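Structural description and commentary
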Protein chains: 2
Amino acid sequence: MLYIVGLGLADERDITVKGLEAVRASERVYLEGYTSILMVEQQRLEEFYGKKVIVAHRETVESSSDEILRDADRVNVSFLVVGDPFGATTHTDLIIRAREKGIPVKTIHNASIMNAVGATGLQLYNFGQTISIVFFTDDWRPDSFYERIKENSTLGLHTLCLLDIKVREQTVENMMRNRQIFEPPRYMSVNLAAEQLLEIEDARQEHAYTADTLAIGVSRLGSDDQIIRAGTLAQMRDHDFGKPLHSLVLVGHRLHLLEAEILRENAIDLDSLNQVLKRDYNIEK
Amino acid sequence: MLYIVGLGLADERDITVKGLEAVRASERVYLEGYTSILMVEQQRLEEFYGKKVIVAHRETVESSSDEILRDADRVNVSFLVVGDPFGATTHTDLIIRAREKGIPVKTIHNASIMNAVGATGLQLYNFGQTISIVFFTDDWRPDSFYERIKENSTLGLHTLCLLDIKVREQTVENMMRNRQIFEPPRYMSVNLAAEQLLEIEDARQEHAYTADTLAIGVSRLGSDDQIIRAGTLAQMRDHDFGKPLHSLVLVGHRLHLLEAEILRENAIDLDSLNQVLKRDYNIEK
């Protein structure tokens, strides 16, 4: 059996009881290490599971799926994914390969940012499509998210923005010399995401959002030191959200009173939040 | 401490390790019993937790929040919610009450249909807003979902349809006599949801969808006997999805090749699915 096990949001105890049983019954345990990160070290996972954990980087999963699936028709193999297994497309391929080989697959679900973002107080059914924001470089500033945000915003829907993670970056030199040397991991902050968003709005001027648009910054969701703060996009650019992982939500115009009440509890600055709620949402205290 | 603990999708072992520790450390354990259901009996939860579980119906949570929160500044109280705690608004109120009383609140997240629907093979970032379909009665046939589906469909986005659950229905007579006698629980099937959807399309004729629209029926997601089947809305009206809980997804036009491939694996009828994929999505095998 191939178990695809979601690890949830924050630490080793966010795995489900069912997931933990699958891991402990597995002969080999892989940890997918490229689309997200858990906020604990690999060693803590290994101690908790009582199992060695093999980190599977993108190149491993794509080129060595045969190795991952080896004997999985006879023994149990677990493939661990931060969040829920279906947060990313990358495992779909592994599942299809397993089915081709006649290996039974079982998915064990868990929380991911896609549903836990409800912790912001915004109603999940008022969210439109989710977008991703990647690190801009000097000559690559992809802004396809802009159209998506505009579509959501036109309908009055909230937008969850997933922020870029770079965990296995190589310098051009190391890449050309085929040296497996990697740069320190980088995680996009709410500050940088807000800055990039505002840069694109400045360039396009179609008012998908502005520096005054209401937003919610989220960091380390599901951990004991999670931060959820509401304010304008300009405030998101400046407020310190601490260590990664960060996410950002743009608040749409279909905002209920109950949602607004929770925004107030999480306000970076209550006076300015109340002003925006009155001006843009016609919501008064 | 008030713990709001997500139970996940299917059975008692879908709770997280962190959630189980909270429950076992709690003096009182409440189970929210009105917005969703777990697929196991309360007794199995009690045996697994080693704790008595008090079912909190809507009227209990709304009128007896003082009782639920009693002494929670000194002892631990757990409030269990099927899926993720933020799937429904109803607990928001309890959290606000707790904060007013100075009671610390900790949320323990879990999977819910809102993210686990990725198991259909559709990408979560291609979903628009989520809608709910309630049981039609002779004189109450609310169709506000229609506009929402149309908005999603115009953008090419998928729509997750949450289907109605009636767990504490009273007959008019019992209600008038104030007798706490309840009808057997009812859960909307994929069949009935498709039928109601098509009735509204027939009445409105704005082509938000048709009997030929591609859809995915889901039942008992996350359990060992889950069913995920793709076909037209007409097929959804007739295909047997077995026991509850059911959900329905309408497939939008922004369908990737990889998503289509998984639809094929889950086809009710592969030939007709391929025809629809070719005709409506320009996707050929």
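Criteria and cut-off values
Numbering of residues starts from 1 in every chain and runs along the sequence as written. The order in which chains are written sets their letters, starting at A; the order in which ligands are written sets their numbers, starting at 1. In view of the model being predicted, local features appear only for residues whose pLDDT reaches at least 70, and side-chain atom pairs are presented and counted only at 80 or more, with totals across whole chains, interfaces and linings using the full set of residues. Only hydrogens and water are removed before side-chain values are computed, so all heavy atoms of the structure are retained for them. One requirement defines pairing of two strands: DSSP has to find at least two bridges between them. For helices the rule is a DSSP run of H or I covering at least 4 residues; for strands it is a run of E covering at least 2, with both sets numbered from the N terminus onward. Fitting a line to C-alpha atoms yields each axis, with helices limited to the stretch in contact; the angle taken between N-to-C directions then spans 0 to 180 degrees. Throughout, a contact is declared for two residues whenever any of their heavy atoms are within 4.5 Å. Lining residues are defined by having an atom within 4 Å of a point belonging to a cavity or pocket. Those points lie on a 1 Å grid over the protein atoms alone, cavities being sets where a 1.4 Å probe fits but cannot get out and pockets being open sets with protein on both sides within 12 Å along at least five of seven lines. Grid points are joined across faces, edges and corners, and a volume is the space filled by probe spheres set on the points. Residue classes follow a fixed rule: Ala, Val, Leu, Ile, Met, Phe, Trp, Tyr, Cys and Pro count as nonpolar, while Asp, Glu, Lys and Arg count as charged, and any other residue, Gly among them, counts as polar. Aromatic pairing here means that ring centres of Phe, Tyr or Trp (its six-membered ring) are within 6.5 Å. Orientation follows from the plane angle: under 30 degrees is stacked, over 60 is edge-to-face, and everything else is tilted. Only protein chains enter the area calculation, which uses a 1.4 Å probe; residues under 20% of their type maximum are buried, those over 50% are exposed, and those in between are partly exposed. Two limits define a charge over a ring: the Lys NZ or Arg CZ must be within 6 Å of the ring centre, and within 35 degrees of the ring normal. Throughout the structure description, domain borders are defined by an automatic or database domain assignment. The term buried area denotes the loss of accessible surface (1.4 Å probe radius) that occurs when two parts are joined, taken as the sum for both partners. For salt bridges, the criterion is a side-chain nitrogen of Lys or Arg within 4 Å of an Asp or Glu carboxyl oxygen. Here the copies are matched by least squares. The fit uses the C-alpha atoms of residues with pLDDT of at least 70 in both. UniProt positions are given in the numbering used here, feature names are shortened, and annotations may be inferred rather than shown by experiment. Only buried Ala, Val, Leu, Ile, Met, Phe, Trp, Tyr and Cys residues count toward a nonpolar core, and they belong to the same one when joined by side-chain atoms within 4.5 Å. Geometric relationships in this document are graded by angle, where less than 35 degrees denotes roughly parallel, more than 145 denotes roughly antiparallel, 65 to 115 denotes roughly perpendicular, and other angles denote oblique. Any pair of N or O atoms that falls within 3.5 Å is considered a polar contact. Within protein, one atom must be able to donate a hydrogen and the other to accept it, and sequence-neighbouring residues count only if both atoms are side-chain atoms.

1. Description of the sheet that holds strand S10 (residues 214-219) of chain B
Residues and elements named next belong to chain B. The mixed open sheet is built from 5 strands, whose spatial order is S6-S7-S12-S10-S11. Edge strands, defined here as strands with exactly one partner in the open sheet, are strand S6 (131-133) and strand S11 (227-232). Put simply, the sheet's adjacent strands are angled 25° from each other on average, direction ignored. In this sheet, strand S12 (residues 246-250) lies alongside strand S7 (residues 159-163) in antiparallel orientation, the contact comprising 4 bridges. By the bridge assignment for S12, Thr159 is matched with Leu250. The sheet strands contacting helix H9 (residues 190-204) are S6, S7, S10 and S12, and the helix crosses S12 at an angle near 40°.

2. Re empty space enclosed by the protein
Enumeration over the complete set of coordinates arrives at 4 cavities of 30 Å³ or more. Space inside the largest cavity adds up to approximately 230 Å³. What lines the largest cavity is a set of 14 residues, among which A:Met114, A:Phe127, B:Met114, B:Phe127 and B:Thr130 lie closest to the centre. Residues that form the lining of the largest cavity fall into these classes: 10 nonpolar, 4 polar and no charged.

3. A few points about the packing of aromatic side chains
Residues and elements named next belong to chain B. One pass over the structure, following the stated rule, counts 4 aromatic pairs over all chains. A ring pair is formed by Phe48 and Tyr49, whose centres lie 6.3 Å apart and whose planes are at 55°; its orientation type is tilted. For Tyr49, a relative accessible area of 3% translates into the label buried. Judged by centre distance (5.6 Å) and plane angle (65°), the rings of Tyr146 and Tyr209 are edge-to-face. Separated by 63 residues along the polypeptide, Tyr146 in helix H7 (residues 145-154) and Tyr209 in the loop between H9 and S10 bring together distant segments of the chain. When its relative accessible area of 0% is taken as the criterion, Tyr146 is described as buried. Sitting above the plane of the Phe182 ring, Arg168 keeps its charged end 3.9 Å from the centroid.

4. Quick word on the domain arrangement of chain A
All names here are of chain A. Its domain assignment divides chain A into domain 1 (2-111) and domain 2 (114-281). Taken together, the contacts link 11 residues of domain 1 with 12 residues of domain 2. For the pair domain 1 and domain 2, the summed buried surface comes to about 930 Å²; carbon and sulfur atoms form 67% of the total. For the pair domain 1 and domain 2, the interface holds 0 salt bridges.

5. Let's talk about the relation of the copies chain A and chain B
Of the two same-sequence chains, chain A is brought onto chain B (RMSD 0.0 Å, axial shift 0.0 Å) by a rotation of 180°. Those values place the two copies in the arrangement expected of a two-fold rotation axis.

6. A word on helix H1 (residues 17-24) of chain A
Note: α-helices contain 3.6 residues per turn, so residues at a spacing of three or four share the same orientation. Most of H1(A) is tucked away, with 6 of its 8 residues classed as buried. What H1(A) keeps buried is the set A:Val17, A:Lys18, A:Gly19, A:Leu20, A:Ala22 and A:Val23.

7. What to know about the UniProt feature "binding site: S-adenosyl-L-methionine" (unreviewed entry) in chain A
The positions that UniProt labels "binding site: S-adenosyl-L-methionine" (unreviewed entry) are, in the present scheme, A:Leu9, A:Asp84, A:Gly87, A:Ser112, A:Ile113, A:Leu163, A:Leu221 and A:His246. Structurally, the position occupied by A:Gly87 is in the loop between strand S4 (77-81) and helix H5 (90-100). Secondary-structure assignment places A:Ser112 in the loop between strand S5 (105-108) and helix H6 (113-116). On the basis of relative accessible area, A:Ser112 is assigned to the buried category, the value being 5%. With residues near it in sequence (within four places) discarded, A:Ser112 still touches A:Leu9, A:Gly83, A:Asp84 and B:Asn115.

8. What about the sheet that holds strand S11 (residues 227-232) of chain A?
Residue and element names in this part refer to chain A. Read across the open sheet, the 5 strands follow the order S6-S7-S12-S10-S11; overall the sheet is mixed. Either end of the sheet is taken by a strand with one partner, and the two such strands are strand S6 (131-133) and S11. Direction aside, neighbouring strands of the sheet carry axes that sit 25° apart on average. Both strand S10 (residues 214-219) and strand S12 (residues 246-250) contribute to a ladder of 5 bridges, which runs antiparallel. Bridged to Ala215 within S12 is Leu250. Set on the sheet, helix H7 (residues 145-155) makes contact with S6, strand S7 (159-163) and S12; between it and S6 the angle comes to about 140°.

9. Overview of the nonpolar core
Core analysis: the largest hydrophobic core is formed by 90 residues, its most contacted members being A:Phe79 and B:Phe79. Residues contacting B:Phe79, with those up to four places away along its chain left out, are B:Leu2, B:Tyr3, B:Ile4, B:Val5, B:Tyr30, B:Glu32, B:Ala56, B:Val61, B:Ile68, B:His91 and B:Leu94. Counting residues in hydrophobic clusters, the runner-up holds 25 residues, among them A:Ile133, A:Cys161, A:Ala194 and A:Ile200.

10. Things to note about the packing of H7(B) against H9(B)
Residues and elements named next belong to chain B. With their axes 11 Å apart at the nearest point, H7 and H9 run at an angle of 85° to one another. Judged on the interaxial angle alone, H9 and H7 are roughly perpendicular. Taking contact as the criterion, the partners of Phe145, Tyr146, Glu147 and Ile149 in H7 are, on H9, Leu197, Ile200, Glu201 and Arg204. Its residues assigned to classes, the contact of H7 with H9 shows 5 nonpolar, no polar and 3 charged.

11. Regarding the interface of chain A and chain B
By a widespread convention, an interface's size corresponds to the accessible area lost as its parts come together. Contact residues are listed per partner, giving 47 residues for chain A and 46 residues for chain B. Of the roughly 4200 Å² buried where chain A meets chain B, counting both sides, 55% is carbon and sulfur surface. Between chain A and chain B we count 12 salt bridges in total. As a salt-bridge pair, B:Arg13 and A:Glu21 come within 2.0 Å of each other at their nearest N and O atoms. Where chain A meets chain B, there are 25 residue pairs in polar contact (both at pLDDT 80 or more). Secondary structure elements with two or more residues in the side of chain A that touches chain B: H1, H5, H6, H7 and helix H11 (257-265) of chain A. Grouping the constituent residues of the side of chain A that touches chain B by class yields 20 nonpolar, 13 polar and 14 charged.

12. Section: the environment of B:Ile200
In this fold, B:Ile200 is placed in helix H9. Residues in contact with B:Ile200, not counting those within four places in the same chain, are B:Phe136, B:Asp143, B:Phe145, B:Tyr146, B:Gln205 and B:Tyr209.

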